[in-house]
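Structural overview
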Amino acid sequence: MQEKTEIRKPGVCIPWEEKRRELGPIQGDEQVFQTVWEEVDGLAHLYIWQLLLSF
Amino acid sequence: MHSDMEKEQLYQQRLTRYTKAMRLAKPDRVPIRPFVAEFTAKYAGYTCQEVAHDYRKAFEAACRCAADFDWDAVVANMVYVWTGLTEAIGLRYYGIPGLHIPANVGFQYREPSEEQAFMRPDEYDLLTDDPTGYLFNVWLPRVSADVTAPGQPTAFRSNLSFLKGGMAMMNYFHAFGPQVERLRKECGTVSAIAGILKAPFDILADKLRGYLGLITDLFERPKKVRRACEALMPHLLHTALSGADPQKQVPIGLWMHRGCVPFINRQQFADLYWPTLKPIIEEIHKHGLQTLFYAEGKWAAHLDAFLELPEASIVFHVDQDDVFEVHKKIGHKFCISGGIPNYLLAFEKPAAVRQFCKRLIKEVAKDGRYIADAGAIMQNDISIDNLKEMTASIREYGVY
């Protein structure tokens, strides 16, 4: 299955907007969730692009 | 034996020397920044297998060379491909020393036949629409013996490829910080580059369509090739910047492979290669960073194009071009590095090395803006005596 998500920008594999829709109501600080999600998600982008470029 | 304080002074002197030359100022003397790869193994008593498969030994060998030679800057590990990582992921395209090739031969890249290219000719739209998705879902299952494609039954080995690959890559990248510090503290040597870039065209040729496939595509589907290159550009820029030197002192390395005449013709360079690389370099320059054009092969046909770039935005490394001619053409605008022929360092006598270096200093380095290095990365065919002679003669003649 070829997953079709919103256009993946540089540094992004699963955009926060897509993940946010799955979460439902957030009781705490949404920004914390978003920041950490994007940081960790960026590591997946780094992984595949470093494979392509460096290895 | 230098004290810690002397090492730090040495480091600062070398850093100033190196960065001044790159930014077109005249330093106290010509900096030496050799890209020593498997040469380090030869010097330190390791096999190519040991430095490729155990990066700790590669780090050790790099430090031993940096400590023993009077060099200003080196790459923290020029035997960059850690084959322990590529094996953990199951990558098919490496010839690994001691496994697929003799233990004392440098690792090899094995390009598949045109029919077995990792990207098929009808997949340009898939790549262009979603480069990251394509790489994960289509490319990686083809280049890895372990990764299964979406829609196929998953497998233990596939799961482990991602887990071990991700953790090993993090382990490796995190080891570079201490290695750079070790070079500074133990050797007073500067880490020469930070971050990686390739031209979109080269990525298509190296890892996706293969050179032969891409050449066919240039005639049969040139618009799709152009669109794919454009789609790769922002990701390549992002990756380059994410690994760049936060202090903005050392350049990002651009490894230039097949974008020059005669691999492609002048029109293809003008229509495709350069318009999809130049904006990336300009953007890197806007971030206050330089790019090292590691121009493997011969790029003399394209020097006019490189002159379109802002002054000092790049350092131009000469491989097989005539370094004296390159200097005449672009040396007023960019720092030049390299140009000392590898065959000279591998097969000639020290006296011939000295003679070449003397001329190089006199003609190319006379006004600064030059960094001494061989043309190509130095493997284990390089003579230790000749590299010592290169270092000594640059030091002797290269004082301003």
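Before reading further, recall that the structure is shown in the block above.
This write-up is about the structure you can find in this document. (Residues numbered from 1 in each chain as written. Chains lettered and ligands numbered in written order. Predicted model: local features only at pLDDT ≥ 70, side-chain atom pairs only at ≥ 80, totals over all residues.)

Attention now goes to the overall build of chain A. Counting its regular elements, chain A contains two helices and zero strands. Per-residue burial for chain A yields a buried fraction of 24% across its 55 residues. (Helix = DSSP H or I, 4+ residues; strand = E, 2+ residues; numbered from the N terminus. Buried ≥ 20, exposed ≤ 12 C-beta atoms within 10 Å, placed from the backbone.)

Further remarks concern the overall build of chain B. A tally of regular secondary structure across chain B gives 18 helices and 10 strands. A globule of 400 residues ought to have a C-alpha radius of gyration of about 21 Å, and chain B, at 21 Å, matches this closely. Along the three orthogonal principal directions, the C-alpha set of chain B runs to about 65 × 45 × 40 Å. Across the 400 residues of chain B, 48% fall into the buried class. (Rg over C-alpha atoms; globule rule 2.2 N^0.38 Å.)

Let us now look at the packing of helix H11 (residues 222–242) of chain B against helix H13 (residues 278–286) of chain B. Residue and element names in this part refer to chain B. Following both chains from N to C, one finds H11 and H13 inclined at 35°, their axes separated by 10 Å at the closest point. Once H11 is placed against H13, the crossing between them reads as right-handed. Residue-level contacts link Met233, Leu236, Leu237, Ala240 and Leu241 of H11 to Pro279, Ile280, Glu283 and Ile284 of H13. In terms of residue class, the contact of H11 with H13 is made up of eight nonpolar, no polar and one charged. (Axes fitted to C-alpha atoms, helices over the stretch in contact; angles between N-to-C directions. Left-handed = near helix turned anticlockwise from the far one by under 90°. Contact = placed C-beta atoms within 7 Å. Nonpolar A, V, L, I, M, F, W, Y, C, P; charged D, E, K, R; others polar.)

A few words now on the interface of chain B and chain A. At the junction of the two partners, chain B supplies 25 residues and chain A supplies 17 residues. Sorting the residues of the side of chain B that touches chain A by element identifies helix H5 (83–89), helix H7 (131–143), helix H8 (156–187), helix H9 (200–208) and H11 of chain B as the ones contributing at least two each. Residue contributions to the side of chain B that touches chain A peak at six residues, all from H7(B). Looking at the side of chain B that touches chain A residue by residue, the class counts come to 12 nonpolar, 10 polar and three charged.

It is worth spelling out the packing of H9(B) against H11(B) at this point. All names here are of chain B. Taken N-terminus to C-terminus, the directions of H9 and H11 make an angle of 105°; their axes are 8 Å apart at the nearest point. As judged from the angle between their axes, H9 and H11 are roughly perpendicular. Along its contact with H9, which presents Pro200, Phe201, Ile203 and Leu204, the element H11 presents Val225, Ala228, Cys229, Leu232, Met233 and Leu236. Among the residues forming the contact of H9 with H11, the class breakdown is 10 nonpolar, no polar and no charged. (Parallel < 35°, antiparallel > 145°, perpendicular 65-115°, else oblique.)

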